[in-house]
Amino acid sequence: METVLSITDAGAASAMPWQRLLGAYVAEARGECLRYVRAPSFILPMLLFSTVFYLMFGVLLNHGDASRYLLASYSAFGIIGPGLFGFGVSLAIERDGGLLTLKRALPMPPGAYLLGKMVMAMIAATIVTVLLILIAVFLAHVTLSLLQIVALMSIGAFGVLPFCALGMLVGTLIKGQGAPGLLNLIYLPMAFLSGLWLPLSMLPTALQNMAPIWPSYHLNQLTLAAVGTNNGALLPHVLALAGYTAVFLTLAVRRLRRYG
Amino acid sequence: MPHTATPIARLDGVIKTFGRITALDGANLQIRRGELLALLGPNGAGKTTAIGLLLGLIRADAGTVELFGQDPQCIEARRRIGVMLQSAALPPTLRVGELLRLTASYYPSPRPLTETAELAGIGALLKRPYAKLSGGQQRSVQFALALCGRPELLFLDEPTVGMDIDIRQKLWTAIRQLIAEGCSVLLTTHYLEEAEALADRVCVMAHGRVIHEGTVEELRSRVAYKRIRCISALNVDQVRSWHEVSEVHVDSKRLHIVTADAEAVVRRLLDADMQLSELEVQRAGLAEAFTELTRDADTSLPIDQREAA
């Protein structure tokens, strides 16, 4: 009896005050952000892909309404990147290199690892939308109200989440260096099929009808609404994105639990 | 102390299979407070699986796995351990100090950063990015991460692989210091001299079972053989014919003899060769004991299983 007590008694010493617990989540997110800020080769392509496209097609070739329309589609395109790649590539590599195993063995609070990556992706997605807004306002002379700017930035910050979940799912399916290739195979065709590169009306009818199955389509409907070129109902798109997030996340977490 | 004998971590009749491979086949293992237990065994013996279970990374198919009387997947139990795995690619762009601070943040009352760094001998590296360190330095940083939370039980999986002798000695010193503080250690290693230098108890695994458990002395004493070396003009075949000698070979004039009765053989050697020089008698080391034990375990298996293992 005595011996059993001695084990559980010492357990009181391992109780974690909530301030320290919160501190662990903050430290994890901070570490995640720092490491990528210091790895420009990983972060720059994510930030510059859509801005360079927008400069070419939205500023050099177009003005006015086309620039406004393209601001919405390149925002959607730019928001997806940090979610898919920030989550998918790093997860695939860290599963391969043993970092995830170590973190699972350490008493890292539950979810801190994923939350850290999420914060990182949200910041990166917001930076992309800010860059695109700056280009739109100052170079393409698109007039945006403050409300529109805030709306687009918030869509950036939160719209990245379903793609974090998708990236995470891919990261649990594939290990190591193979992830970027597979993610591009998802990223680029999905962007094309949901009208992020060419307006949907220019695609064959069958593909147009298929577009709502892609999560990127729903994100684009939201960004279009933010810049004022979509007056349809928004709730279905928000719900669709929330649904995708829930499904991808559930599958990914299950795979992580089962196979590590 | 009443709790000295109470295991702080244990496996009891644990079975774990991966597909058709049985990694653990009824393994029993106990780690007591304040001791260093060395877990030895050839590759594929089940050491990594045993550690994975105790860390809560995998679940057992059958049997009991306990860490401080709790399920290892329970975070409260893991707040009392420190971990150094065989390989972990830490974020390359983070500085050593940042890695330490991050890992320390997981624990309720971690060691101060400078104390951790000093113990692990990495005080000079705190500002350096992890990727810029040598392999040995990276292992030292991983060791620092393992001890930064002031753990009661430290898991060290092949800690000195890739370390040069100097860094290895420092790590041994640090481990001894931790044990003096009352920390328990579960160590796996391929270097038997490491187990010999550090371990209170040794646990030898083979084919998913613990085949021997005891002090280093006990393990050694299982091997009755001693080694005799000397320079002698005696003919190898002649020495081989002595019934006390179980093995003999010669290399560059030096005779190497293995025997259970060293005294008798030495007497005969000295009688037979007056010019004999550089006589050495050595008790079998852990390496011999270990080889013998695992060989016994192999031969006691049916042929088909031996090959599968």
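It should be emphasised that the depicted structure is a prediction, and the values quoted were computed from it without experimental measurement.

### Focus on the overall build of chain B
- In terms of regular secondary structure, chain B is built from 12 helices and 13 strands.
- With the C-alpha coordinates of chain B rotated into their principal frame, the extents come out at 70 × 45 × 40 Å.
- Put simply, chain B has 309 residues, and 51% of those count as buried.
- The long-range fraction of contacts in chain B, counting pairs at least 24 apart against all pairs at least 6 apart in sequence, stands at 67%.
- A total accessible area of about 14,000 Å² is found for chain B, and carbon and sulfur atoms account for 50% of it.
- In chain B, 36 positive and 39 negative side-chain charges are present, and the distance between their average locations comes to 6 Å.

### Structural notes on the sheet that holds strand β2 (residues 21–32) of chain B
All names here are of chain B.
- Pairing in this open sheet of 3 strands is antiparallel, and the strands run β2-β1-β4 from one edge to the other. Each edge of the open sheet carries a strand with a single partner, namely β2 and β4 (62–67). Each strand axis lies, on average, 20 degrees off the axis of its neighbour in the sheet, ignoring direction.
- In this sheet, β4 lies alongside strand β1 (residues 7–18) in antiparallel orientation, the contact comprising 5 bridges. Within β4, the position partnered with I15 by the bridge is A62.
- Running over the sheet, helix α1 (residues 47–54) touches β1, β2 and β4 and is turned about 120 degrees from β1.

### Some remarks on the interface of chain A and chain B
- The interface is formed by 34 residues belonging to chain A together with 35 residues belonging to chain B.
- Taken together, the two surfaces of chain A and chain B that pack against each other cover about 3,100 Å², and 62% of this comes from carbon and sulfur.
- Taken together, chain A and chain B are joined by 1 salt bridge.
- Measuring nitrogen to oxygen at the nearest pair gives 2.7 Å for the salt bridge that ties R38(A) to E98(B).
- The interface formed by chain A and chain B holds 13 residue pairs in polar contact (both at pLDDT 80 or more) in total.
- If one sorts the elements of the side of chain A that touches chain B by residue count, helix α2 (residues 18–37) of chain A sits on top with 9 residues.
- Partitioning the side of chain A that touches chain B into residue classes produces 18 nonpolar, 9 polar and 7 charged.

### Regarding the pattern of salt bridges
- Inspection of the entire model under this criterion finds 24 salt bridges over all chains.
- As a salt-bridge pair, E28(A) and K103(A) come within 2.9 Å of each other at their nearest N and O atoms. Placement of E28(A) in helix α2 and of K103(A) in helix α5 (residues 99–105) is noted, with a sequence separation of 75 residues between them. The two residues E28(A) and K103(A) agree in class, both being buried.
- Between R209(B) and D25(B) there is a salt bridge, and its shortest N-O distance comes to 3.9 Å. Placement of the pair is R209(B) in strand β9 (residues 209–215) and D25(B) in strand β2, with a sequence separation of 184 residues.
- When its relative accessible area of 43% is taken as the criterion, R209(B) is described as partly exposed.
- Accessibility expressed as a relative area gives 31% for D25(B), which makes it partly exposed.
- Overlapping salt bridges, with partners in common, bring together E32(A), R35(A), E94(A) and K117(A) in one network.

### A short note on the packing of helix α7 (residues 146–159) of chain A against helix α8 (residues 161–173) of chain A
Residue and element names in this part refer to chain A.
- The geometry of α7 relative to α8 is characterised by a closest axis approach of 6 Å and an angle of 25 degrees between their N-to-C directions. In terms of their interaxial angle, α7 and α8 are classed as roughly parallel. Within the contact between the two elements, α7 uses A157, F158 and G159 and α8 uses L161, P162 and F163.
- In terms of residue class, the contact of α7 with α8 is made up of 5 nonpolar, 1 polar and no charged.

### With respect to unusual backbone geometry
All names here are of chain B.
- A positive phi angle, close to 55 degrees, is found at R150, a residue other than glycine.
- Take R150: its relative accessible area is 41%, and that puts it in the partly exposed class.
- A positive phi angle is found at H207, which is not glycine, with a value near 55 degrees.
- Residue class for H207 comes out partly exposed when judged on its relative accessible area of 25%.

Parameters and conventions
- Residues numbered from 1 in each chain as written.
- Chains lettered and ligands numbered in written order.
- Predicted model: local features only at pLDDT ≥ 70, side-chain atom pairs only at ≥ 80, totals over all residues.
- Heavy atoms only, no water.
- Helix = DSSP H or I, 4+ residues; strand = E, 2+ residues; numbered from the N terminus.
- Buried < 20%, exposed > 50% of the residue type's maximum accessible area, 1.4 Å probe, protein only.
- Contact = heavy atoms within 4.5 Å.
- Areas by Shrake-Rupley, 256 points an atom, 1.4 Å probe, with all protein chains shown as cover.
- Lys, Arg positive; Asp, Glu negative; His and termini not counted.
- Charge placed at Lys NZ, Arg CZ, Asp CG, Glu CD.
- Pairing = 2+ DSSP bridges.
- Axes fitted to C-alpha atoms, helices over the stretch in contact; angles between N-to-C directions.
- Buried area = accessible area lost by both parts, 1.4 Å probe.
- Salt bridge = Lys/Arg side-chain N within 4 Å of Asp/Glu carboxyl O.
- Polar contact = N/O pair within 3.5 Å; in protein donor to acceptor, adjacent residues only side chain to side chain.
- Nonpolar A, V, L, I, M, F, W, Y, C, P; charged D, E, K, R; others polar.
- Parallel < 35°, antiparallel > 145°, perpendicular 65-115°, else oblique.

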